[in-house]
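Residue strings, one per chain:
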Amino acid sequence: MIKVMMRLLPMLIFLATLSAQAPQPEFLRQGQQLIRDGKFSEALALYRQGPDPFAAANASGIVLDLMGNYAEARKQFAKAIDIAPTPQQKAAANRSMAISFTYQGNCVEASNYERKVFDYYVSTNDFYQQGEIANEAGRICIDAGFISEAEAWYKIGYSSGLKEPNIKPDRIDLWNFRWEHAQARLAIRGGHRGEADKHVAAAKAILAKGTNPSQAIFMPYLEGYVAFYDEDYLAALKNLEKANQNDPFILCLLGQSYEELDEEKLAADCYRKAAATTAHNPPGAFSRPFAQRQLVELLE
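Residues numbered from 1 in each chain as written. Predicted model: local features only at pLDDT ≥ 70, side-chain atom pairs only at ≥ 80, totals over all residues. Heavy atoms only, no water.

K.L.:
Summarise the packing of helix 14 (residues 248-260) against helix 16 (residues 282-299); cite the residues concerned and give the values.
P.N.:
Contact geometry for helix 14 and helix 16: axes closest at 8 Å, N-to-C directions at 30°. Here helix 14 is positioned roughly parallel relative to helix 16, judged by the angle of their axes. Pair helix 14 / helix 16 crosses with left-handed handedness. Residues Pro248, Phe249, Cys252, Gln256 and Glu259 of helix 14 lie in contact with helix 16, whose contacting residues are Pro283, Gly284, Phe286, Ser287, Phe290, Ala291, Gln294 and Leu298. (Axes fitted to C-alpha atoms, helices over the stretch in contact; angles between N-to-C directions. Helix = DSSP H or I, 4+ residues; strand = E, 2+ residues; numbered from the N terminus. Parallel < 35°, antiparallel > 145°, perpendicular 65-115°, else oblique. Left-handed = near helix turned anticlockwise from the far one by under 90°. Contact = heavy atoms within 4.5 Å.)

Right, dumping it as structure tokens:
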């Protein structure tokens, strides 16, 4: 549980900065429980009757994304963007729109909206969040197969994060680790195993300094990722099984590795778990539709 919370910490911080610091409306809490229970239609009906037009539109869009109704979801996000009462809430709605395009692997449109969120943090001189958002856009693009676009975003994230005034040494190590992590993934997606291995080694060396212990959970994910795209599926499994098993993206990598090793039952188990995610973030937006498609193919 501690590892899961540390994995979610950057996103929790991000969402906190976008909130208006007011208690969450009751209708949103009720809707989230309905979503967890798989009652999407009921959640949508509840949201559409919500007393807060902005929150209702944004929440409705999220449910529609989970239902696979992306066009209607984007209408709701567009409404939320239009009526957002504060710049923070407009940024939140723009990010929701970016995630909506992520469900269909649309790096270009997702990037357009992530840029708006990035620009909001430029206006507030929040360099850490600039780095977070740029890295998120990089993640969206690399998962969609847009490698050069992903690299450009990761570079922006790295340089932005390091501009933080009076940045502490551990924060510098954090951004260096993230940059090495990203470069390893970019390299292996380009077919450059030797280069990827150099960045994996560099990432390990940064972790060995002990300044960011919470990032250790990302190493088996990285090593499994590199092995998977190098078509070493046994090594991929060995590492990915040590990674965060609550991350739907990791579950998809595990499922694909099992498929390549003709372990279809184990693959299907991973895909079922990944397909059940209700997270409205890049890993969830990639994994939910991908896992659903893979399950259909396996069961045909």
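K.L.:
Requested: an account of the nonpolar core, with residues and values cited.
P.N.:
Ranked by internal contacts, the top residues of the largest apolar core, which has 58 residues, are Tyr221 and Leu254. With residues up to four places along the chain from it excluded, the contact list for leucine 254 reads Leu237, Leu240, Glu241, Gln245 and Cys270. Grouped together as the second largest cluster of nonpolar side chains are 33 residues, Leu34, Tyr70, Ala80 and Ile140 included. (Core = buried A, V, L, I, M, F, W, Y, C linked by side-chain atoms within 4.5 Å. Buried < 20%, exposed > 50% of the residue type's maximum accessible area, 1.4 Å probe, protein only.)

K.L.:
An account of the environment of methionine 219 is needed here, citing residue identities and associated values.
P.N.:
Mapped onto the secondary structure, methionine 219 falls in helix 12 (residues 218-229). When the C-alpha positions of methionine 219 and phenylalanine 27 are compared, they lie 39 Å apart, and in sequence the two are 192 residues distant. In this view, methionine 219 contacts Phe177, Val200, Ala203, Lys204 and Leu207; residues no more than four positions away in its chain are not counted.

K.L.:
Break down the packing of aromatic side chains for me, with residues and values.
P.N.:
Enumeration according to the criterion identifies 16 aromatic pairs in this entry. Taking 4.9 Å as the distance between ring centres and 45° as the angle between the ring planes, the aromatic pair formed by tyrosine 225 and tyrosine 229 counts as tilted. A residue pair is termed a helical-turn pair when its members lie 3 or 4 positions apart in one helix, as tyrosine 225 and tyrosine 229 do in helix 12 at four residues. Over the face of the ring belonging to phenylalanine 249 we find arginine 139, whose NZ or CZ atom lies 4.6 Å from the ring centre. (Phe/Tyr/Trp six-rings, centres within 6.5 Å; stacked < 30°, edge-to-face > 60°. Lys NZ or Arg CZ within 6 Å of the ring centre and 35° of its normal.)

K.L.:
Any chance you could break down the pattern of salt bridges for me, citing the residues and the numbers?
P.N.:
Applying the stated rule across the entire model yields 13 salt bridges. A salt bridge links arginine 95 to glutamate 136; the shortest N-O distance between them is 2.9 Å. With arginine 95 in helix 6 (residues 87-102) and glutamate 136 in helix 8 (residues 127-143), this pair connects stretches of sequence that are 41 residues apart. Grouping residues by exposure puts arginine 95 and glutamate 136 together as buried. Close ionic contact of glutamate 223 with lysine 204 constitutes a salt bridge, the shortest N to O distance being 2.9 Å. With glutamate 223 in helix 12 and lysine 204 in helix 11 (residues 193-207), this residue pair connects regions lying 19 residues apart in the sequence. (Salt bridge = Lys/Arg side-chain N within 4 Å of Asp/Glu carboxyl O.)

K.L.:
Would you mind going over helix 5 (residues 70-83) in detail, with residue names and values included?
P.N.:
Here helix 5 spans 20 Å end to end across 14 residues, near enough to the 20 Å set by a 1.5 Å rise per residue. Packed against the buried residues of helix 5 are helix 4 (53-66), helix 6, helix 7 (107-123) and helix 16. (Expected span 1.5 Å × (residues − 1).)

K.L.:
I'd love a proper account of the state of the cysteines, names of residues and values included.
P.N.:
Using the criterion set out here, one finds one disulfide in the structure. In this model cysteine 107 forms its disulfide with cysteine 141; the gap between the sulfur atoms is 2.2 Å. Measuring handedness by torsion sign, the sulfur bridge of cysteine 107 and cysteine 141 sits at about 80° and is right-handed. With cysteine 107 in helix 7 and cysteine 141 in helix 8, the pair connects residues that are 34 residues apart, well separated along the chain. For the pair cysteine 107 and cysteine 141, one class covers both residues: buried. Not part of a disulfide, cysteine 252 finds its nearest cysteine sulfur in cysteine 270, a span of 8.7 Å. What makes cysteine 252 buried here is its relative accessible area of 1%. Here cysteine 270 falls in the buried class, since its relative accessible area comes to 8%. (Disulfide = S-S within 2.5 Å.)

K.L.:
Let's hear about a negative patch on the surface: which residues, and what values?
P.N.:
Where like charges cluster on the molecular surface, the negative patch consists of Glu231, Glu260, Asp262, Glu263 and Glu264. With a relative accessible area of 48%, glutamate 264 lands in the partly exposed category. (Patch = residues over 30% accessible without salt bridge, like charges linked within 9 Å, V, L, I, M, F, W, Y side chains within 5 Å. Areas by Shrake-Rupley, 256 points an atom, 1.4 Å probe, with all protein chains shown as cover. Lys, Arg positive; Asp, Glu negative; His and termini not counted. Charge placed at Lys NZ, Arg CZ, Asp CG, Glu CD.)

K.L.:
Can you tell me about the packing of helix 4 against helix 5, naming the residues and giving the values?
P.N.:
Put simply, helix 4 and helix 5 touch, their axes get as near as 8 Å, and they point 160° apart. It follows from the interaxial angle that helix 4 and helix 5 lie roughly antiparallel. Handedness of the helix 4/helix 5 crossing: left-handed. Counted together, Pro53, Phe54, Ala57, Asn58, Ser60, Gly61, Ile62, Leu64 and Asp65 of helix 4 and Tyr70, Glu72, Ala73, Gln76, Phe77, Lys79, Ala80 and Ile83 of helix 5 form the full contact between these two elements.

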